[in-house]
Structure formats: structure tokens, C-alpha cells
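One letter stands for each residue in the lines below.
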Amino acid sequence: MANTEVRVSIQGEAWVPNVSSVPIIPGDSVTFFAVPDAQTKLCMTADTAAVLTPHPDLTVMIDAGGSTTFGFLAAAAGNYCMLTQAPDCPCPNSISCGAGGSYPVLSIRPGSGPVFSGPDDDTKT
């Protein structure tokens, strides 16, 4: 049984995986390694969580420098989507990685960076 390692790094404001897709083969596994000095958040769809074991929540936090491993269960052909994000970024309401192909694949994409509000335009200083 094969294991694919996905290492997340920070590039600018994005948490970026070094692997963008993994074939979903029952019995194989995928291990996610967090950024060494920051927590990493994984956001996924319900369909994605259903093909992983143990079945995770739709949001999984990995401690700084830590890792988590999921096994693959049987899955229908299609594109199963997961985002890697900063720990303080909310998971989006909907996650899509595009149309699926003729076999099941886990697509891993960087999520959006944190949203910061800028200074207000109050000129009363």
C-alpha cells in the first residue's frame, strides 16, 4: 500500500501543498505535514471526508510541525477537493476543484490567504 506525503509551506499569504493531486486507491494513504512553525488547516467537502478513513470533520487542524494521515476508501470517479489554509482563515462555504475525470482523485489546493482590513480612512488625527 502506497503513502503519499503532502508537505505544506507558506508562500506569501498562502499555505501551499507540494502535491496537487493524489489518486484515490482503496488501501493507500496520504499524510499531510503542517508548516513547521504554524498550525495548518485542512478544509474539505463532505464527499471528500466520506472517502477518507478515519472519517474526519470537514475542518482538520494540524499542529505546527505535526502531521495527520488518512487512508482512502473506495470512491466513485470524480474530483474530491481539499484546501490547505492558515489556521485563522475560515473555510469557504463551497469548495470546488473543477470537474472530475474517469477515476477518483484527491485534489489539494492552496486556500485563500487571511483577509485583513486596512486602516480606516478617518482623517481626524
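The preceding data block contains the structure.
Predicted model only: the values in this text are computed from it and were never measured.

Cut-offs applied
- The residue count restarts for each chain, going from 1 along the sequence in the order it is written.
- Since the coordinates come from a predicted model, pLDDT governs what is reported: local features require at least 70, and pairs of side-chain atoms require 80 or more to be given and counted, while whole-chain, interface and lining totals use all residues.
- To get the side-chain values, all heavy atoms of the structure are used, and hydrogens and water are removed first.
- A run of DSSP states H or I qualifies as a helix once it reaches four residues; a run of E qualifies as a strand once it reaches two. Both are numbered from the N-terminal end.
- Only protein chains enter the calculation, and the probe is 1.4 Å; a residue is then buried if its accessible area is under 20% of its type maximum, exposed if over 50%, and partly exposed in between.
- Here a residue-residue contact requires only that any non-hydrogen atoms of the pair lie within 4.5 Å.
- Using a 1.4 Å probe, accessible areas were evaluated by the Shrake-Rupley method; residue-level cover was limited to the displayed protein chains.
- Two strands are said to pair when DSSP picks up at least two bridges between them.
- Axes here refer to lines fitted to C-alpha atoms; in helices the fit is confined to the stretch in contact. Angles between the N-to-C directions go from 0 to 180 degrees.

Participant: Tell me about the overall build of the protein, residues and numbers included.
Facilitator: Secondary structure assignment for the protein yields one helix and 10 strands. In the protein, the order of α-helices and β-strands from amino to carboxyl end is β-β-β-β-β-α-β-β-β-β-β. The proportion of buried residues among the 125 residues of the protein is 41%. Taking the intrachain contacts of the protein between residues at least 6 apart in sequence as the baseline, contacts between residues at least 24 apart amount to 69%. In the structure as shown, the protein presents an accessible area of about 6,900 Å², 52% of it carried by carbon and sulfur atoms.

Participant: Which residues make up the pairing of strand β9 (residues 78-85), and what values go with them?
Facilitator: Of all the eight residues making up β9, seven are buried; the element is thus mostly covered by neighbouring parts of the structure. In terms of strand pairing, strand β5 (residues 40-44) meets β9 through four bridges, oriented antiparallel. Looking at β9, one finds that Met44 is bridged to Met82. The pairing of β9 with strand β10 (residues 104-110) spans seven bridges and is parallel. Note that in β10 the partner of Asn79 across the bridge is Val105.

Participant: Hey, could you go over the sheet that holds β9 for me, with residue numbers and the actual values?
Facilitator: Judged by pairing direction, the sheet is mixed, and its five strands sit side by side in the order β3-β10-β9-β5-β7 without closing on themselves. Edge positions in the sheet fall to β3 (21-23) and β7 (59-62), since each of these pairs with one other strand and no more. Shown here is a sheet whose adjacent strand axes are inclined to one another by a mean of 20°, direction ignored. Summarising the sheet, β3 and β10 pair through three bridges and their orientation is antiparallel. Residue pairing for β10: Val22 is matched across the bridge by Leu106.

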